[in-house]
Amino acid sequence: MKHQKLSALKFLSVVFLMTLFLTPLNAEAQKKKRGKKKDQVEAPAKPAPKKSKEKKISDLVKSSKKIEGLFTMYQDTVTGSLQMLISEDQIDKEFIHFNQVADGVLEAGRFRGAYGGSKVFKIEKYFNKIEFVTQNTSFYFDPENPLSKSKDANISNGIMESVKIEAQDENKGLYLIKADGLFLSETFSQIKPPRSPGQSPMAFKLGNLSKTKTKVNSIRNYDKNTNLVVEYVYSSPSVLNRGSNAVTDGRNVSIKVLHSLIEMPDNDYEIRYDDPRVGYFTTQVTDQTSTSATPYRDLVHRWNLKKKDPNAAISEPVKPITWWIENTTPMEWRKTIKNAVLQWNVAFEKAGFKNAMVVKTQPDDADWDAGDIRYNVLRWTSSPRPPFGGYGPSFVNPKTGQILGADVMLEFVHFSGRVLVGKVFDADINEEAFDFSNENQMRCSAGYLMAKNTLFGQAVVRAFEDSDLELEKILHDNMMRLIMHEVGHTLGLNHNMRGSQLFSPEELSNPELIKGKSLSTSVMEYPAINITRDRSKQGIYYDNAVGPYDEWAIEFGYKDFSSEAEKQELLNKSAQPKLAFGNDADDMRSSNRGIDPRVNIYDLSNDAIGYAIDRIHLVNETMENIKTKLVTEGKSYQELTRAYGILQREYRNSGTTMSRYIGGVYVDRTMAGQEGGTQPYTPVSLEDQKRAMNGLRKYIFSPNAFEAPKGLYNYLARQRRGFNLGAGPEDPKIHNLVLSSQQSVLNHLLHPNTLQRITDSELYGNKYKLSTVMNDLNNAIFRADIYGNVNSFRQNLQLEYTNKLIEMLIGKSSSRYINNAKSMALYNLKKIRTMASPSGNIASIAHKQHLRTLIDNALKEVK
Ligand SMILES: [Zn+2]
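Keep in mind that what you see is a predicted model, and the values were worked out from it rather than measured.

Trainee: Pulling in residues and values, what's your account of the overall build of the chain?
Mentor: A tally of regular secondary structure across the chain gives 22 helices and 24 strands. The proportion of buried residues among the 863 residues of the chain is 52%. For the chain, the exposed area adds up to about 39,800 Å²; of that, 50% sits on carbon and sulfur atoms.

Right under this line is the structure:
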């Protein structure tokens, strides 16, 4: 998305440059062509002379159908070509442009419901032309400050299009322009994604935009917005990659985009500025006239809720946030969906609103569709290649942060788990990869994560022969939570990955205690599914209500505070553990960003290490039973194979969770002097770091880690489909799968950032020193078997680890490592060299010789 934005800027600059260069050229050409005829295109310096014979608007639109609205459109009844009216009072006024993909293909990153963002543009008149100019909304200048006179310095607005006025009506103050160029090209936003530099030439790509095939599918015009669905057709005579089955003809690909031109709201909406202790989506605005260390005026995204009775402690809003359940939604889910949305009303009551959220069902014969931006719709689709299981985007007025509309996209696959069969075996897949750019703050993979969690839950329930009622409960709880999560996004909330530490493991296995509650402090988390090893203690699987943090965050975003002090008082509660916050940019799924292991995905309970170990036991116990319980007579072994993959994933996640505690640093974002606040950085205790290291030694690195029940591997077979067996050889590649789990832990422990943090944090309280960590890791990987027989899994692990140490010393990434980490790598390599004297069976001797050769060669290169 960041690339896209950059490219969008580039694209705009190109358009801008073309406007600069091409206009005079065109003017020249036209002059020549017309000979002595009076200039139609004026040179910029000359004033426009009056024309004697002006065309009338009525003449030019007589064969067109008139579609009245914010911008009245005329569509020619023969050719379909478009003209558009601009009125005098729209000149120099600002409008909002918003676009959303109505239908597309996943390969191109343009899929149904994907939001293209909103921006402000101005309509300007320049001699005989109408210009559409994108406005920059990123900066603020205090109007009282003389600096504000220079507010345009080095800030480029984007002239998206400049269109000749075809005719005008001076009395009515109307201008008519041709609109085909405006809508049938990528004027308002870039639709075709740019090629990224590293992209494979084999990757799917869209052809060139076809001017003849691109067309307007529909026009809907209203008082305050004009909506057009444009079908962009990208053509290429020959293509290498034809895309998936969803692409009918790889040479001609259609992306349908809904464009909305929206009147700038003129209302009583009050801007609310962001606070780092709460997680809202924001539009960033920098105060260019402030001397503050934090010159931020970042706009919180929120709805314009106003009390009907401003004096009442709790009042209904003047206009509630109304949700429509799309008529494509299966009947059996409608009640649960409605109930989930209405859970947010509990939070709104704390902010002073009763019935803030209202849920209705779209009638089967409705004369509007879900793409209509005036309706907030809970949409339901079953795409051939679903991008997610749920998605909750909203669009805002970039000048104020006011949310103007929202949708929630739900994919049926979320419940069928269809696409997960192959994916769970793909060792390299990193579906949680997250682009941390601000533009991408709305990315959500909660649905995908929960689909995986649910498959795990189902495997456990079936392996332990629980009743079918449990399977229904899992689906119900899953749906409740998914809807609450996605609706939370549409209210302006971003993720809170710090939320899953609300309850202790004991509390989580107390069905009465957790009944009807939220299992995390926030439904905006990505937690592990709550499954008890003791199946008699199983309570709810996922949150059944919004959490305490959610209620607090809604209060911050929506309460009508009587004073700044009242707002600060609320924010000052942030030191309470149940109100702590950390989003995707803080969490530890990637070793590049987060440092606080409590801010993580896939974890659960206030003892995440203990819970992760317990989860590994649960996986092992489930694994014992899957071969007998997950195979149905007369059917293939597909379900068993999928369950094995899911269980491996869960096991792997437990290892990842533990690894984050080693070298972890707890972060406290309270403000100075705030009650309950501590210092910002406190390293994880030595005891917990050691516990995590021991857990990894025993369950991830030991010679018998990942042991599967006898005879299981022979049955891990996917079902063939027609001619195909799937990509690559079909065998289950167990060693790869196990090694990839071990790698995910090693990659973190030996990451340059982790090793640097361990060393640095020794200065502020970390007791688990770098030398001890690296020594303990070395022992965990070699001690148990290096003097005897080394099994094939451990051979893999030991070679992988040794190669990583060598990489640290002499590899491409060695410059990223701090010196004392490199010294420890060298120390450990020499230790391995000594330990790996040839012994044991032939395979073990060969392995040890391999280790020694690698080390000997590497040592020669160390300078
Ligand atoms: Zn999300």
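Trainee: Run through the side chain of Lys-119, naming residues and quoting values.
Mentor: Relative to the elements of secondary structure, Lys-119 occurs in strand 5 (residues 115-126). Despite its burial, Lys-119 remains without a salt bridge, the nearest opposite charge being carried by Glu-186 at 10 Å. A polar atom in the side chain of Lys-119 sits 2.3 Å from the backbone oxygen of Phe-188. Ignoring sequence-local partners within four residues, the contact set of Lys-119 consists of Phe-95, Ile-96, His-97, Thr-134, Met-160, Phe-188, Ser-189 and Pro-398.

Trainee: Describe the nonpolar core, and please don't skip the residues or the numbers.
Mentor: Among the nonpolar cores identified, the biggest contains 139 residues, and Trp-344, Phe-348 and Tyr-558 are the most heavily contacted of them. With residues near it in sequence (within four places) discarded, Phe-348 still touches Leu-305, Ile-321, Phe-353, Ala-356, Met-357, Leu-491, Ile-554 and Tyr-558.

Trainee: Summarise the pattern of salt bridges; cite the residues concerned and give the values.
Mentor: One pass over the structure, following the stated rule, counts 28 salt bridges. For Glu-270, the salt bridge is made with Lys-306, and the minimal N-O distance between the two is 3.6 Å. Of this pair, Glu-270 sits in the loop between strand 13 (252-263) and strand 14 (282-283) while Lys-306 sits in the loop between strand 16 (299-300) and strand 17 (321-325), and the two are 36 residues apart along the sequence. Residue classification places Glu-270 among the partly exposed residues on the basis of a relative accessible area of 41%. With a closest N to O distance of 2.7 Å, Asp-587 and Arg-589 form a salt bridge. Arg-589 shares its class with Asp-587; the two are buried. Sharing partners across several salt bridges, the network here consists of Arg-533, Asp-614 and Glu-621.

Trainee: Quick one: what's the story with the confidence of the model for the chain, residue by residue and with numbers?
Mentor: Averaged over the chain, the pLDDT score is 86; the fraction of residues at 70 or greater is 87%. When the criterion is pLDDT under 50, residues 1-43 qualifies, and its contacts beyond four places in sequence or with other chains add up to 37 contacts. Counted against residues more than four places away or in other chains, residues 418-440, with its pLDDT under 50, gives 60 contacts.

Trainee: Can you explain the packing of helix 19 (residues 770-782) against helix 20 (residues 792-810)? Please cite residues and give values.
Mentor: Remark: helix 19 packs on helix 20, axes separated minimally by 9 Å, with the N-to-C direction vectors making an angle of 150°. Relative to helix 20, helix 19 is oriented roughly antiparallel. Of helix 20, the residues touching helix 19 (which contributes Met-774, Leu-777, Asn-778, Ala-780, Ile-781 and Phe-782) are Arg-794, Leu-797, Gln-798, Tyr-801, Thr-802, Leu-805 and Met-808. When its residues are assigned to classes, the contact of helix 19 with helix 20 shows nine nonpolar, three polar and one charged.

Trainee: Would you mind going over a nonpolar patch on the surface in detail, with residue names and values included?
Mentor: A cluster of nonpolar side chains, contributed by Tyr-681, Leu-763 and Tyr-764, occupies part of the molecular surface with about 360 Å² of accessible area. Residue placement: Tyr-681 occurs in strand 24 (residues 681-683). Using a relative accessible area of 44% as the deciding quantity, one classes Tyr-681 as partly exposed.

Trainee: Requested: an account of the packing of helix 8 (residues 446-463) against helix 15 (residues 638-659), with residues and values cited.
Mentor: The contact between helix 8 and helix 15 brings their axes to 9 Å, and the two run at 115°. The angle between helix 8 and helix 15 falls in the class roughly perpendicular. In this structure, the crossing between helix 8 and helix 15 has a hand that is left-handed. Residues Lys-452, Asn-453, Leu-455, Phe-456, Ala-459 and Arg-462 of helix 8 pack against Glu-639, Arg-642, Ala-643, Ile-646, Leu-647, Arg-649 and Glu-650 of helix 15. Each residue belonging to the contact of helix 8 with helix 15 can be placed in one class, and the counts come to six nonpolar, one polar and six charged.

Trainee: Can you tell me about the pairing of strand 2 (residues 73-76), naming the residues and giving the values?
Mentor: Remember that side chains alternate between the two faces of the sheet whenever the strand is regular. Examined bridge by bridge, strand 1 (residues 64-67) and strand 2 share four bridges and lie antiparallel to one another. Opposite Lys-66, over in strand 2, you have Tyr-74 as the bridge partner. Here strand 1 hands over to strand 2 after five residues, the two strands then running antiparallel side by side. In the sheet, strand 2 pairs with strand 3 (residues 82-87) via three bridges, with the strands oriented antiparallel. By the bridge assignment, Met-73 is partnered in strand 3 with Met-84. Turn length for the strand 2-strand 3 hairpin, with the two strands adjacent in sequence and antiparallel, is five residues, and the turn residue Gly-80 shows positive phi of about 80°.

Trainee: Help me get a handle on the pairing of strand 9 (residues 174-178), residues and values and all.
Mentor: Pairing of strand 3 with strand 9, which is carried by five bridges, proceeds in the antiparallel orientation. For Ser-87, the partnering residue across the bridge sits in strand 9 and is Leu-174. Pairing geometry for strand 8 (residues 158-169) and strand 9, over four bridges, is antiparallel. By the bridge assignment, Gln-168 is partnered in strand 9 with Tyr-175. Between strand 8 and strand 9, which pair antiparallel in sequence order, lie four residues; one of them, Gly-173, sits at a positive phi of approximately 70°.

Trainee: So what's going on with helix 13 (residues 564-571)? Residues and values would help.
Mentor: Among the residues making up helix 13, those that are buried are Lys-567, Leu-570 and Leu-571. On an axial view of helix 13, the arc spanned by its buried residues comes to 100°, and they lie on one face. Exposed and oriented more than 90 degrees from the buried face of helix 13 are Ala-565 and Glu-569. Buried residues along helix 13 sit against helix 12 (548-558).

Trainee: Go over the environment of Met-808, please, and point to the residues and values.
Mentor: Locating Met-808 in the fold gives a position in helix 20. Measuring from C-alpha to C-alpha, the distance between Met-808 and Leu-826 comes to 9.0 Å, with 18 residues separating the pair along the chain. Aside from chain neighbours lying at most four places away, what touches Met-808 is Leu-750, Leu-755, Met-774, Ser-814, Tyr-817, Ala-821, Lys-822 and Ala-825.

Trainee: A description of the packing of aromatic side chains should follow, citing residues and the corresponding values.
Mentor: Enumeration over the complete set of coordinates arrives at 20 aromatic pairs. An angle of 70° between the planes, with centres 5.2 Å apart, marks the rings of Trp-324 and Trp-368 as edge-to-face. You can see Trp-324 sitting in strand 17 and its partner Trp-368 sitting in the loop between strand 18 (357-361) and strand 19 (376-381), a full 44 residues away along the chain. An identical accessibility class is assigned to Trp-324 and Trp-368; each is buried. Measuring from centroid to centroid gives 6.5 Å for Tyr-681 and Tyr-764, while their planes differ by 35°, and the two rings are tilted.

Trainee: Give a description of unusual backbone geometry that names residues and reports values.
Mentor: Unlike most non-glycine residues, Ser-605 shows phi in positive territory, near 80°. Since its relative accessible area comes to 0%, Ser-605 is described here as buried. Despite not being glycine, Phe-706 shows a phi value in the positive range, around 65°. Examined against the element boundaries, Phe-706 turns out to sit in the loop between helix 16 (686-701) and helix 17 (734-749). The exposure class assigned to Phe-706 is buried, which follows from its relative accessible area of 4%.

Trainee: Tell me about the side chain of Asn-376, and please be specific about residues and values.
Mentor: Topologically, Asn-376 is positioned in strand 19. At a separation of 3.1 Å, a polar atom in the side chain of Asn-376 contacts the main-chain carbonyl oxygen of Thr-322. Look past the residues within four positions of Asn-376 in its chain and what remains in contact with it is Trp-303, Ile-321, Thr-322, Trp-323, Trp-324, Gly-405, Ala-406 and Asp-407.

Trainee: Which residues make up the environment of Leu-777, and what are the values?
Mentor: Tracing the sequence through the fold places Leu-777 in helix 19. Take Leu-777: its relative accessible area is 2%, and that puts it in the buried class. C-alpha separation for the pair Leu-777 and Met-693, spaced 84 residues apart in sequence, amounts to 7.6 Å. Residue contacts for Leu-777: discarding those within four places in its chain leaves Met-693, Phe-701, Leu-746, Leu-749, Leu-750 and Tyr-801.

Conventions we followed
- Residues numbered from 1 in each chain as written.
- Predicted model: local features only at pLDDT ≥ 70, side-chain atom pairs only at ≥ 80, totals over all residues.
- Heavy atoms only, no water.
- Helix = DSSP H or I, 4+ residues; strand = E, 2+ residues; numbered from the N terminus.
- Buried < 20%, exposed > 50% of the residue type's maximum accessible area, 1.4 Å probe, protein only.
- Areas by Shrake-Rupley, 256 points an atom, 1.4 Å probe, with all protein chains shown as cover.
- Lys, Arg positive; Asp, Glu negative; His and termini not counted.
- Salt bridge = Lys/Arg side-chain N within 4 Å of Asp/Glu carboxyl O.
- Polar contact = N/O pair within 3.5 Å; in protein donor to acceptor, adjacent residues only side chain to side chain.
- Contact = heavy atoms within 4.5 Å.
- Core = buried A, V, L, I, M, F, W, Y, C linked by side-chain atoms within 4.5 Å.
- pLDDT = per-residue confidence, 0-100.
- Axes fitted to C-alpha atoms, helices over the stretch in contact; angles between N-to-C directions.
- Parallel < 35°, antiparallel > 145°, perpendicular 65-115°, else oblique.
- Nonpolar A, V, L, I, M, F, W, Y, C, P; charged D, E, K, R; others polar.
- Patch = residues over 30% accessible without salt bridge, like charges linked within 9 Å, V, L, I, M, F, W, Y side chains within 5 Å.
- Left-handed = near helix turned anticlockwise from the far one by under 90°.
- Pairing = 2+ DSSP bridges.
- Arc of directions from axis to C-beta.
- Phe/Tyr/Trp six-rings, centres within 6.5 Å; stacked < 30°, edge-to-face > 60°.

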